[in-house]
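Structure assessment
Chain residues, written in single-letter form:
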Amino acid sequence: MSNWITEKIDAALLDAKNRLAAATAETEVEQLKISILGRNGLFPALSKEMKNLPSEERRAAGVAFNNGRQRLQEMIESALSLLRSSTSVDQTKTIDLTLPGRRPKVGRKHPVTQVRDDAIAIFRRMGFVVAKGPEIETVHHNFDALNTPEDHPSRDRGDTFYFADGRLLRTQTSPVQIRIMENQQPPIRIVAPGRCYRRDTPDATHSMNFHQIEGLYINKNVSLADLKSVLQAFARELMNVDIRLRPHFFPFTEPSVEYDFSCVMCRGKGCPVCKHSGWLEIAGAGMVDPNVLQNVGYDPEIWSGYAFGIGIERLAMIRYRINDIRLLYENDVRFLEQF
Ligand code: PHE
């Protein structure tokens, strides 16, 4: 049965519910409690009014009054405990506006990519153009045209990955030399960065998959001194080191050299990193063999050139002092974040 008292109680409950939901501080809840349940509040006032009701209505009003008061007390208690718990969390979360903001994590280039890009940039400034070739190669481009003898050990199935159709995963970037020379007339000045594959057992300095950057320059009257000056300029720019050339052998260059950087750790004095030699091996290079020029249809009487093949992992390991090549392939973020 409804009368003006139960209506007032319902209205008060609804109002309290809205105000409690909006309350952001315990004091607001305390004030609400006083205004409804306190000595001069709504409920004591209603309690007095109830005495004036006709006796048949008084009973129902009394039930509504008691239920309403209990409901209110519960609402107030839960609002208070909610505010208390969130206040204590708030205290630990207090915003300190003087703290620096949190930076979003930014990705970065892999060390091999960084060194590759730096090397490309240096050679481009010296007039080299970037060239590309496939990673799946023919025996012709990877060995035959590069003047590699039939019985050369690098052709062995134990050293090179072959496909059933006779093609292979290139063991070096040198076949890009052949592809460029077969399709262009001199003068030529290119660098060709890319992946190479060899059937090596992985250890601290060997990987089945590694990167090289190949260089090729073809013109009239090219000399070994030209090669040396380009390699010296590269070493200076990349790591501010000296170089030396040592006699070596490659089927596709004559004469052939190996190219060393002075040790970045001891600056040539001798230390464990350079095995006390003062030098670190970086690349193979040499003057393009006349047989190779002939194989691509160039007249060796007119044209000459030099070529080099630099190990990119080797450069990255020296530059960043990495002592195990396998770290470069594990993609451990804790490792990669350091570069
Ligand atoms: N292709 C040779 C290697 O992988 C390096 C090289 C390149 C040597 C060009 C001479 C000229 O070892």
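A brief structural summary. (Residues numbered from 1 in each chain as written. Predicted model: local features only at pLDDT ≥ 70, side-chain atom pairs only at ≥ 80, totals over all residues. Heavy atoms only, no water.)

Here we look at the nonpolar core
Grouped together as the largest cluster of nonpolar side chains are 48 residues, with contacts concentrated most on Phe234, Tyr259, Phe261, Phe308 and Ile310. Of all the elements in the fold, those that place two or more residues in this core are α5 (111–125), β5 (209–219), α8 (224–239), β7 (253–262), β8 (279–288), β9 (304–311), α10 (312–320) and α11 (333–336). In terms of nonpolar packing, the next biggest core, distinct from the first, is built from 22 residues, Ile5, Leu53, Leu72 and Leu83 among them. (Core = buried A, V, L, I, M, F, W, Y, C linked by side-chain atoms within 4.5 Å. Buried < 20%, exposed > 50% of the residue type's maximum accessible area, 1.4 Å probe, protein only. Helix = DSSP H or I, 4+ residues; strand = E, 2+ residues; numbered from the N terminus.)

Digging into the packing of aromatic side chains
Counting across every chain of the model gives eleven aromatic pairs. Between Phe123 and Phe128, the aromatic rings sit 5.5 Å apart at their centres with planes inclined by 75°, giving edge-to-face as the arrangement. By relative accessible area, which is 3% here, Phe128 ends up buried. In this structure an aromatic cluster arises from ring pairing among Phe123, Phe128, Tyr217, Phe234, Tyr306 and Phe308. Between Arg157 and the ring centre of Tyr162, over which it is positioned, the NZ or CZ distance is 4.5 Å. Stacked on the ring of Phe128, the Lys or Arg Arg189 has its end atom at 5.9 Å from the ring centre. (Phe/Tyr/Trp six-rings, centres within 6.5 Å; stacked < 30°, edge-to-face > 60°. Lys NZ or Arg CZ within 6 Å of the ring centre and 35° of its normal.)

Some details on the side chain of Asp260
Along the polypeptide, Asp260 turns up in strand β7. Taking relative accessible area as the criterion, Asp260 reaches 2% and is therefore assigned buried. Side-chain polar atoms of Asp260 contact the side chain of Arg244, separated by 2.9 Å. Beyond its immediate chain neighbours, meaning those up to four positions away, Asp260 contacts Asp242, Ile243, Arg244, Arg246, Trp279, Leu280, Glu281 and Ile282. (Polar contact = N/O pair within 3.5 Å; in protein donor to acceptor, adjacent residues only side chain to side chain. Contact = heavy atoms within 4.5 Å.)

As for helix α1 (residues 4–22)
Taking 1.5 Å of rise per residue, 19 residues should cover 27 Å, and α1 covers 27 Å from first to last C-alpha, within 8% of that figure. Of all the positions in α1, only Ile5, Thr6, Ile9, Ala12, Leu13, Ala16 and Leu20 are classed as buried. Projection of α1 onto a plane perpendicular to its axis shows the buried side chains occupying an angular sector of 120°, all on one side. Turned more than 90 degrees away from the buried face of α1 sit Glu7, Asp10, Leu14, Ala21 and Ala22, all of them exposed. (Expected span 1.5 Å × (residues − 1). Arc of directions from axis to C-beta.)

Some thoughts on the sheet that holds β5
Strand order in the open sheet formed by seven strands is β1-β4-β5-β9-β8-β7-β6, with mixed pairing between adjacent strands. Looking at which strands have only one partner, the edges of the open sheet turn out to be β1 (129–130) and β6 (243–250). Pairing of β5 with β9 involves eight bridges; the strand directions are antiparallel. Bridge pairing in β9 links Ile218 to Gly305. Set on the sheet, α5 makes contact with β1, β4 (188–197), β5 and β9; between it and β5 the angle comes to about 5°. (Pairing = 2+ DSSP bridges. Axes fitted to C-alpha atoms, helices over the stretch in contact; angles between N-to-C directions.)

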